[in-house]
Amino acid sequence: MSSDDGLIEIVNVTKAFGTGERRFLALGGVNATIRKGEFFTLLGPSGCGKTTLLRLIAGFELPTSGEILLDGQEIGHLPPYRRPVNTVFQNYALFPHMTVAENISFGLEMLNKPKAEIASTVERMLALVKMSELAGRRTDQLSGGQQQRVALARALAPQPKVLLLDEPLSALDLKLRKEMQVELKRIQHETGITFIFVTHDQEEALTMSDRIAVMAKGNILQIGSPSEIYNAPAARFVADFIGDINFIEGQVVVAGEKTAQIRLPGGQVLTARASRPVEGPVTLAIRPEKVGLRHADDDDVPLSGTVTNLVYFGSGTNVHVDVGLGADIVARATAPKVALGDRVGLDLHVTDLSVLAE
Amino acid sequence: MSVRQEIATPAEADAALRAAIRQREREAFRNRWLLLAPAVGLIGCVGLLPLALTMIYSFLEPGTYGGVTWSFSTGAYEQFLFDRDLFDETILTFNPSYVIIFARSIFLALVATVGTLIVGYPTAYFIATRPRESRNLWLFLITLPFWTNLLIRTYAMLLIIRDEGLVNALLMGVGVVNQPVGILYTDFAVFLGLIYSFLPFMVLPVYASLEKLDFRLVEAAYDLYATRWRVLRRVVIPATRPGIIAGCILVFIPGLGAYITPELLGGGKKLMIGNMIALQFGTARNWPFGSAAALILMAMVVLMLFVVMRRSGRQMSHG
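Residues numbered from 1 in each chain as written. Chains lettered and ligands numbered in written order. Predicted model: local features only at pLDDT ≥ 70, side-chain atom pairs only at ≥ 80, totals over all residues. Heavy atoms only, no water.

Going by the annotation in an unreviewed UniProt entry, the name recorded for chain B is ABC transporter permease, with Albidovulum marisflavi given as the source organism. Looking at the Subcellular location (unreviewed entry) heading of the UniProt record, one finds this comment for chain B: "Cell membrane". Turning to chain B, the UniProt annotation filed under Sequence similarities (unreviewed entry) states: "Belongs to the binding-protein-dependent transport system permease family. CysTW subfamily." (UniProt positions renumbered as here; feature names shortened; annotations may be inferred.)

Spelled out as structure tokens, the structure:
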């Protein structure tokens, strides 16, 4: 399956470490297409294989099977120095015996570029990451944020077709991380280079990416835009990993083309969105901010229950409601006029309530 | 502890505080010297005292049957460079033979240093890239020769490279040569012996710095289009320079004063500094000259160390 705008294609890639009983399958048949110029994020918990996939694209590991195509060319077996791909490492891995400028020029020197071109590119990169004043500094005299910028400039200087970023912001404090998120987006926009970004931070993934691949246990569970991933999670793991969500178990009673009627254990019937015909026991998912709070005695509320907890978090309050389904359903509101023990009704709109693929 | 002074004036309080601080400083000073005393004593007895004796001896005249006669003379130092005329003691002619011995020693020590570096660096790299559990075994194997006396190891070397030895038997058995190749009692034999006996001194410090090397730097260099050779030259070697310098110092200095290896494998035909000094205290019975030669050697080593330290120090701070 080749698409016109696919820059990198990952076809049935597996990666196993070790042999015999200690054999561990880090990637089990991964497929993905990364488009030219996009900010593509690999998101997942630690050990999900996202860094392994990145290292396979960089060339630090070779795939056990499958192909990695760049511009239609198989690159999966090439050593790192033969791939037009550069990496920003998690701990930056700046050369300690070189200055900032020497670090940035390293890749260009290895490509045997003419001196004048190297000098002008280094200057341009220093300006891009706003580090021109510190060009002559040794890297161990820099702060974490500054090292981050140098690592970025060093990887961008050879003008790679793809820039790989391995959790580059995880070592920074929160405020600096937010700043660098904006900076990264700006730099990606200015250079037009395709970014593949690895993170375990779902918020970071949602705010920065054009598309996200959610990974778990060596597989990609869903690829889509941040809003697709957030609003229409394809799997329970995706829904659970990204943001807060309510799960409701039930049985399908009527299945339509786009919707389905689901009966809950308590006998109530909900209408939910389904991307395909469903049957049997299913799980429904809805985000807390999509759950509407109503009066308990309103006619058309599908669920009602008692308020068991109120959790204030600044921009809003989470209202925990016991509707007799085991787990509480959480509704998020800016200023709910309810108190502990109140009976409330819950409005679950069909467009916000989705049936998960199991 | 002290009684609370409720009506102390500020001036009195200051004075009390100053007295207390002085008292504490005095105690700290005394404790420091008490703690240092064993180390200072040891360095004084086994380091400075023999050195002072050597220095005094070098300015005396040799006794007829060894030992010294207690009269001041700079003769020992003059002898290093000049021959005294047999008939007129004021006529000095330049005699390069001792300078040649020094030059040859420095040359052999330098070659041995380069040799151990060429053999030792890949060895250390190999060990540093093994899994953590097996590294200790490799290091143990590297230090294993230390368990045997140097003299015995050198004799073993002698047995291997002599005309009837293992190497020649092998070469002749295979038919590469008809006559035994004369390896023993050449500079090459001394060179081999020095490399063999000093190799661990190179491997261990280089290993220590390679083990600390962040191998993500190697990955970063590969990622930035550096080939294997360029990764080694531009990243690995510069990052492990402290270990290389330490290893070179540890091989070069003892190599300069090596005694057993040149004596046995070089056949004592060509003197090195160590043999020359030993000779003065033994057969030649010229203790002042032996002392002077030892001090000249030491002065040279200190000077060279100073230069190396200055240069590597500068490289450290300027990247």
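Asker: Summarise the domain arrangement of chain A; cite the residues concerned and give the values.
Answerer: Residue and element names in this part refer to chain A. In terms of domain boundaries, chain A breaks down into domain 1 (6-237) and domain 2 (244-355). The straight-line distance from the C-alpha centre of domain 1 to that of domain 2 is 39 Å. Ranking the residues of domain 1 by area buried against domain 2 places Y230, N231 and R236 at the top, with a combined share of 78%. In this assembly, domain 1 and domain 2 are joined by 1 salt bridge. (Domains from an automatic or database assignment. Buried area = accessible area lost by both parts, 1.4 Å probe. Salt bridge = Lys/Arg side-chain N within 4 Å of Asp/Glu carboxyl O.)

Asker: Account for the packing of helix α5 (residues 150-161) of chain B against helix α6 (residues 166-174) of chain B, with residues named and values stated.
Answerer: Residues and elements named next belong to chain B. Viewed as axis vectors pointing N to C, α5 and α6 meet at an angle of 20°, and their least axial separation amounts to 4 Å. Here α5 lies roughly parallel to α6, going by the angle between them. Contact with α5, carried on its side by L159, I160 and I161, involves L166, V167 and N168 of α6 and no other residues of that element. The residue inventory of the contact of α5 with α6, partitioned by class, reads 5 nonpolar, 1 polar and no charged. (Axes fitted to C-alpha atoms, helices over the stretch in contact; angles between N-to-C directions. Helix = DSSP H or I, 4+ residues; strand = E, 2+ residues; numbered from the N terminus. Parallel < 35°, antiparallel > 145°, perpendicular 65-115°, else oblique. Contact = heavy atoms within 4.5 Å. Nonpolar A, V, L, I, M, F, W, Y, C, P; charged D, E, K, R; others polar.)

Asker: Please give an account of the UniProt feature "transmembrane region" (unreviewed entry) in chain B that cites residues and values.
Answerer: All names here are of chain B. What UniProt calls "transmembrane region" (unreviewed entry) maps, in this numbering, to residues 33-60, 98-125, 137-161, 181-207, 243-261 and 289-309. Here residues 33-60 runs as 93% helix and 0% strand, with 36 Å between its end C-alpha atoms. Split by type, residues 181-207 is 78% helix and 0% strand. Its first and last C-alpha atoms lie 35 Å apart.

Asker: Account for the pairing of strand β9 (residues 211-216) of chain A, naming residues and giving values.
Answerer: Residues and elements named next belong to chain A. With respect to burial, β9 is a largely interior element, 6 of its 6 residues being buried. Neither face of β9 is exposed, since R211, A213 and M215 on one face and I212, V214 and A216 on the opposite face are all buried. Alignment of strand β3 (residues 39-43) against β9, held across 4 bridges, turns out to be parallel. The residue of β9 that forms the bridge with F40 is R211. Of the pairings in the sheet, the one linking β9 to strand β10 (residues 219-224) comprises 5 bridges and is antiparallel in character. Residue pairing for β10: M215 is matched across the bridge by I220. (Buried < 20%, exposed > 50% of the residue type's maximum accessible area, 1.4 Å probe, protein only. Pairing = 2+ DSSP bridges.)

Asker: Give me the UniProt feature "domain: ABC transmembrane type-1" (unreviewed entry) in chain B: which residues, what numbers.
Answerer: Taking the UniProt record as the reference, the feature "domain: ABC transmembrane type-1" (unreviewed entry) is found at residues 102-308 of chain B. Regarding residues 102-308 of chain B, the helix share stands at 77% and the strand share at 0%, and the terminal C-alpha atoms are separated by 19 Å.

Asker: Tell me about the interface of chain A and chain B, residues and numbers included.
Answerer: Contacts between the two partners involve 28 residues from chain A and, on the opposite side, 19 residues from chain B. Buried area between chain A and chain B, summed over both chains or domains, comes out near 2,200 Å², and the portion from carbon and sulfur atoms is 60%. It is Y81, H97 and M110 of chain A in chain A that bury the most area against chain B; as a group they hold 31% of the surface buried on that side. Applying the counting rule to chain A against chain B returns 2 salt bridges. A salt bridge links E109 of chain A to R234 of chain B, with the nearest nitrogen and oxygen atoms 2.9 Å apart. Along the contact surface separating chain A from chain B lie 9 residue pairs in polar contact (both at pLDDT 80 or more). Class assignment for the residues of the side of chain A that touches chain B results in 17 nonpolar, 6 polar and 5 charged. (Polar contact = N/O pair within 3.5 Å; in protein donor to acceptor, adjacent residues only side chain to side chain.)

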